[in-house]
Structures are given as structure tokens and as C-alpha cells.
Amino acid sequence: MNFSYSEYSEKLRRRKEVIDMTLRHIAKERSEIENQVQWIGRGGFESRMHLLESLTRWYQEEAVQIDGALDQSKQVRYGLCFACREPIEAELLKNCPEAEFCFECREYQNTLKAW
């Protein structure tokens, strides 16, 4: 393996900070929208709130994945595929440090889902 656990852990921590900041921004935006419901109209309000709720869920799910990856690194399982226990490709971890499956197992899962 030619990747550093600390390198990826740091990348995950930085991404988590960005997510936390983004979630605070979304909460502020939601609060501002709630105070302007008459100004933007009911349809605009509902559309905007739906978007903010979807974004919040998406970022919260990513934060959970990052927390899981950081927890794995503490247990020296970071970088190992959950399915086959083989090392996850360094390039995949570089682009997606919270990855839980190697490329081959991920492709297999996608094939099963498509079935």
C-alpha cells in the first residue's frame, strides 16, 4: 500500500469541517426562509425548504460515512474493503477517502442493485 493513513485521515477531517460549516449555513438559510414565507409565496417556500432538507440529509449521510471511516482508521481497518477484506485501491481512497469497498466489490454491489 502506498498511502498514508494520516494523510487520508486528515483529508477526511478537513472534509468533515467543510460539511459542518455547510450544515450551519443551510440551517441559517432555512431560518431566514422560514421568516420570509409570505414574501416568497407558499410554492417557493415549499420548494426551497424541500431543497434545504434534501441537502441537509445528503450532507448528514456523508458526515456519518466520514465518521465511520475515521473510526475504522482508529481500529486499523481503514483502507480495507468491508466485503473482501483486501486493500482498497489507493486511487479510490485518494478520490473518496470514506470508501468502504474496493472497486471490484463496489461494482459487484452495483450489478446486484441493477438486477
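Residues numbered from 1 in each chain as written. Predicted model: local features only at pLDDT ≥ 70, side-chain atom pairs only at ≥ 80, totals over all residues. Heavy atoms only, no water.

Caption draft 1: Spatial organisation of the overall build of the protein. Counting its regular elements, the protein contains five helices and zero strands. Starting at the N terminus, the α and β elements of the protein follow one another as α-α-α-α-α. For the protein, the residues scored as buried account for 30% of the 115 residues in total. Excluding contacts between residues fewer than 6 apart, the proportion of contacts in the protein whose partners are at least 24 apart in sequence is 50%. When the accessible surface of the protein is summed, it comes to about 8100 Å², and 52% of that surface belongs to carbon and sulfur atoms. (Helix = DSSP H or I, 4+ residues; strand = E, 2+ residues; numbered from the N terminus. Buried < 20%, exposed > 50% of the residue type's maximum accessible area, 1.4 Å probe, protein only. Contact = heavy atoms within 4.5 Å. Areas by Shrake-Rupley, 256 points an atom, 1.4 Å probe, with all protein chains shown as cover.)

Caption draft 2: Spotlight on the pattern of salt bridges. Counted under the stated rule, the structure contains seven salt bridges. For Glu-10, the salt bridge identified is with Arg-14, shortest N-O distance 3.9 Å. Pair noted here: Glu-10 and Arg-14 are both in helix H1 (residues 5–34), with a separation of four residues, about one helical turn. Given a relative accessible area of 45%, Arg-14 falls into the partly exposed group. Among the ionic pairs, Glu-32 bridges to Lys-28, the shortest N-O distance being 3.9 Å. You can see Glu-32 and its partner Lys-28 sitting in helix H1, four residues apart, about one turn around the helix. Given a relative accessible area of 35%, Glu-32 falls into the partly exposed group. For Lys-28, a relative accessible area of 52% corresponds to the exposed category. (Salt bridge = Lys/Arg side-chain N within 4 Å of Asp/Glu carboxyl O.)

Caption draft 3: Spatial organisation of the layout of surface pockets. Looking at the largest pocket, its volume works out to about 210 Å³. Here the residues of the lining of the largest pocket sort into three nonpolar, three polar and four charged. (1 Å grid on protein atoms, 1.4 Å probe; cavity = no way out; pocket = protein on both sides within 12 Å on 5 of 7 lines; lining within 4 Å. Points joined across faces, edges and corners; volume = space filled by probe spheres on them. Nonpolar A, V, L, I, M, F, W, Y, C, P; charged D, E, K, R; others polar.)

Caption draft 4: Summary view of the environment of Glu-89. Among the structural elements, Glu-89 can be located in the loop between helix H3 (42–74) and helix H4 (90–95). Put simply, Glu-89 and Phe-103 are 14 residues apart on the chain and 7.1 Å apart in space, counted from C-alpha to C-alpha. Setting aside chain neighbours within four positions, we find Glu-89 in contact with Cys-102, Phe-103 and Glu-104.

Caption draft 5: Spatial organisation of the confidence of the model for the protein. Across the protein, the average pLDDT comes to 85, with 88% of residues at or above 70. The spread of mean pLDDT over the elements of the protein runs between helix H2 (residues 37–40), the lowest at 66, and H1, the highest at 89. (pLDDT = per-residue confidence, 0-100.)

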